[in-house]
Amino acid sequence: KTSFDLAEQIKQVIFTNEWNWRNKDLAIDMELPSTIISADKNLLHQVWTNLITNSIKFNQHGGSISLKISSYEHEVEVEIQDTGIGISQADLPQIFNRFYIVDKARNRNESSSGLGLAIVKQIIELHNGQINVSSHLGQGTKFIVSIPKK
């Protein structure tokens, strides 16, 4: 574990993926105050990369992505919300399972191993955190990641 600014890390992931979200004409709304945490920087980078690239990949042209950090006494909450295609209520309980791919026919143009969200959940659990998701088809998806500050 090292101490680093979580907001700067998330902004870096947004910057790295700029071509992808600009190509889809997505609006990015960021509420990312400087937030120092002690965690495995490389592993958490993988979490944000996966969640943000999914928000871009499964968003509609002209949609939006909202990123927000909320800091509490002992934990930090990161909220990533998009206006994308959403996930059905039937699929939601399974999205963190290894090799599970939501609606294979609809996503055949997108390559996926079905491992991304399983890895995300494992990394968050290694940090004694948790991830929650809510989604509605055609309206978008919201992930909330809670991790201890230390």
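Everything that follows concerns the structure shown earlier in this document.
I will try to describe carefully the structure that is included in this document.

1. Re the overall build of the protein chain
Here comes step 1: Helix and strand content of the protein chain: four helices and seven strands.
Here comes step 2: In sequence order, the secondary structure elements of the protein chain are arranged as β-α-α-β-β-α-β-β-α-β-β.
Here comes step 3: For the protein chain, with 150 residues in total, the buried portion stands at 41%.

2. Details of the pattern of salt bridges
Here comes step 1: Evaluated as defined, the whole model comprises three salt bridges.
Here comes step 2: Among the ionic pairs, Arg22 bridges to Glu18, the shortest N-O distance being 2.6 Å. Here Arg22 pairs with Glu18, and both are found in helix 2 (residues 18-23), just four residues apart, close to one helical turn.
Here comes step 3: Take Glu18: its relative accessible area is 23%, and that puts it in the partly exposed class.
Here comes step 4: When the shortest N-O distance is used, the salt bridge between Glu125 and Lys121 registers 3.5 Å. Residue Glu125 and its partner Lys121 are located together in helix 4 (residues 116-126), separated by four residues, close to a single helical turn.
Here comes step 5: A residue is classified by how much of its surface remains accessible, and Glu125, at 45% relative accessible area, is partly exposed.

3. Focus on the pairing of strand 4 (residues 64-71)
Each regular strand displays side chains that alternate between the two surfaces of the sheet.
Here comes step 1: Here five bridges tie strand 2 (residues 27-31) to strand 4, and the two strands are oriented parallel to one another. Bridge pairing links Ala27 to Ser64 in strand 4.
Here comes step 2: With seven bridges joining them, strand 4 and strand 5 (residues 75-82) adopt antiparallel strand pairing. Bridge pairing in strand 5 places Leu67 opposite Ile80.
Here comes step 3: Here strand 4 folds back onto strand 5, and the loop between the two strands holds three residues.

4. A closer look at the environment of Glu18
Here comes step 1: When the C-alpha positions of Glu18 and Ile56 are compared, they lie 9.9 Å apart, and in sequence the two are 38 residues distant.
Here comes step 2: Within the structure, the side chain of Glu18 is placed 2.6 Å from the side chain of Arg22, a separation counted as a polar contact.

5. Some words on helix 1 (residues 6-16)
Here comes step 1: What helix 1 keeps buried is the set Leu6, Ala7, Gln9, Ile10, Val13 and Ile14. Looking straight down helix 1, one finds its buried side chains confined to an arc of 165 degrees; they lie on one side. When the buried face of helix 1 is taken as reference, the exposed residues oriented beyond 90 degrees from it are Phe15 and Thr16.
Here comes step 2: The opening residue of helix 1 is Asp5, an N-cap whose side-chain oxygen sits 3.0 Å from the backbone nitrogen of Ala7.

Quick notes on the rules
- Residues numbered from 1 in each chain as written.
- Predicted model: local features only at pLDDT ≥ 70, side-chain atom pairs only at ≥ 80, totals over all residues.
- Heavy atoms only, no water.
- Helix = DSSP H or I, 4+ residues; strand = E, 2+ residues; numbered from the N terminus.
- Buried < 20%, exposed > 50% of the residue type's maximum accessible area, 1.4 Å probe, protein only.
- Salt bridge = Lys/Arg side-chain N within 4 Å of Asp/Glu carboxyl O.
- Pairing = 2+ DSSP bridges.
- Polar contact = N/O pair within 3.5 Å; in protein donor to acceptor, adjacent residues only side chain to side chain.
- Arc of directions from axis to C-beta.

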